[in-house]
Amino acid sequence: GYNTAVLKNALAYIERQGHDISLLYTGIHGYYERLGWRTFNHGVGHDVSAPAELRPSGFGGSVRPMRPDADLPAVRAIYGASNRDKAGPVARTAAYWAYHADRLQSYHVAVDDGQVVAYLHHTDGRRIEETGSLPGHEVAEAALVGDVLARSGQGSGPVNLSGSEHITYTLRCMGCQLARLGTGPQKRPMPTMYRVMRLGPLVDKLLPRMSERLAASPAASGAGVVRLQSEAGAVDMQYRAGVVTHGAADAAPSI
């Protein structure tokens, strides 16, 4: 009905703007699948269960609620540093943070020697939406997660942690049990969905990183053509001497 028409208008706008991919954060995947969005079954997320007594994280600083006026510049800088090399996060301008100012009440920060070195955003203590830290301060993120677990109380079920795969080792050392989403018998998906709008231009943006990974892999000396097929079309990629490029139009794919 009305909502479907609005979504179709949104898709038309995205296409006119020339965007390569659209991302959604939702709990009603079936509805959006009808218009081409797909679930990140391989996304990074965990259900985290705490023991009766958490072991120390090793973080020597303190954890407290965020003070929006004083702490926002530090949190903005940490967000930028934490997400610089990741796929998916958006560029958050000053206007973005101002629009979502009400969310800052559910942020906590970790402070070390007077400096905010990490932050965490949670929803009612049951879902940790995101965490971030300055380079070298990942243990502060684990301390923030531990604080949420301690405040959520025993017997209330696991806490969902989106992302932050780099702190799972510390959480296990603290005695936590982690179940990765998208695996196991229930295979509960991550809340993020994607819709590829323009496959070729999207792949073009990924080619430099693909080349870096290929050059560092045992297959660096190999050569061939890979055809990537999806609901958004197909793209041929040629790899040779550790470099990935668009495949020649007359080259038959080997994979």
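What counts, and where the lines are drawn
- Residues numbered from 1 in each chain as written.
- Predicted model: local features only at pLDDT ≥ 70, side-chain atom pairs only at ≥ 80, totals over all residues.
- Heavy atoms only, no water.
- Pairing = 2+ DSSP bridges.
- Helix = DSSP H or I, 4+ residues; strand = E, 2+ residues; numbered from the N terminus.
- Axes fitted to C-alpha atoms, helices over the stretch in contact; angles between N-to-C directions.
- Contact = heavy atoms within 4.5 Å.
- Expected span 1.5 Å × (residues − 1).
- Bend = angle between axes of the 7 residues up to and from the residue.
- Buried < 20%, exposed > 50% of the residue type's maximum accessible area, 1.4 Å probe, protein only.
- Phe/Tyr/Trp six-rings, centres within 6.5 Å; stacked < 30°, edge-to-face > 60°.
- Lys NZ or Arg CZ within 6 Å of the ring centre and 35° of its normal.
- Disulfide = S-S within 2.5 Å.

Trainee: Even after reading the chapter, I still don't get the sheet that holds strand β13 (residues 243-246), so can you show me in this structure?
Mentor: Note on sheets: strands pair through backbone hydrogen bonds, and any given pair is parallel or antiparallel. Sheet architecture is open: 3 strands sit in the order β11-β12-β13, paired in antiparallel fashion. Each edge of the open sheet is held by one strand with a lone partner, namely β11 (223-230) and β13. For this sheet the average axis-to-axis angle between neighbouring strands, irrespective of direction, equals 30°. Pairing analysis gives 8 bridges linking β11 to strand β12 (residues 233-240), with the strands arranged antiparallel. Paired with Gly 224 across the two strands is Tyr 239, which belongs to β12. Across the sheet, helix α7 (residues 199-215) is in contact with β11, β12 and β13; its angle to β13 comes to roughly 165°.

Trainee: Help me understand the sheet that holds strand β1 (residues 21-25), please; the structure alone is not making it clear to me.
Mentor: Taken in spatial order, the 3 strands make up an open sheet running β1-β10-β2, and their pairing is antiparallel. Sheet topology places β1 and β2 (38-39) at the edges, where each strand pairs with a single neighbour. Sheet topology places β2 next to strand β10 (residues 192-196); 2 bridges connect them, and they run antiparallel. Among the inter-strand pairings, Thr 39 is bridged to a residue of β10, identified as Met 193.

Trainee: Looking at this structure, I do not really get α7. What am I missing?
Mentor: Along an α-helix, a turn takes 3.6 residues, which lines up residues three or four apart on a common side. With 17 residues, α7 ought to run about 24 Å at 1.5 Å a step, and its terminal C-alpha atoms sit 23 Å apart, in line with that. For α7, the principal kink sits at Leu 206 and spans about 40°; a proline, Pro 208, occurs within the next four residues. Every buried residue belonging to α7 is among Leu 199, Leu 202, Val 203, Leu 207, Ser 211 and Leu 214, and all of these are buried. Contacts from the buried residues of α7 go to β1, β10, β11, β12 and β13.

Trainee: Could you clarify how one ought to interpret the packing of aromatic side chains in this entry?
Mentor: All told, the structure shown has 6 aromatic pairs when counted by the stated rule. Seen in terms of ring centroids, Tyr 96 and Trp 97 are 6.3 Å apart; in terms of plane orientation they differ by 85°. Their pairing is edge-to-face. We classify Trp 97 as buried; its relative accessible area is 4%. Grouping aromatic residues by their ring pairs yields a cluster made of Tyr 79, Tyr 96, Trp 97, Tyr 107 and Tyr 119. Lying over the aromatic face of Trp 37, Arg 195 brings its terminal NZ or CZ to 5.9 Å of the ring centre.

Trainee: Would you mind showing me how to read the state of the cysteines here?
Mentor: Every disulfide links exactly two cysteines, by a covalent bond between their sulfur atoms. By the definition in use, this model includes 0 disulfides. Not engaged in a disulfide, the cysteine Cys 173 finds its nearest cysteine sulfur in Cys 176; these two sulfurs lie 10 Å apart. For Cys 173, a relative accessible area of 37% gives the class partly exposed.

Trainee: So what exactly am I meant to see when it comes to the environment of Thr 123 here?
Mentor: Mapped onto the fold, Thr 123 is located in strand β6 (residues 115-123). Spatially, the C-alpha atoms of Thr 123 and Ser 106 are 6.9 Å apart, while their sequence positions differ by 17 residues.

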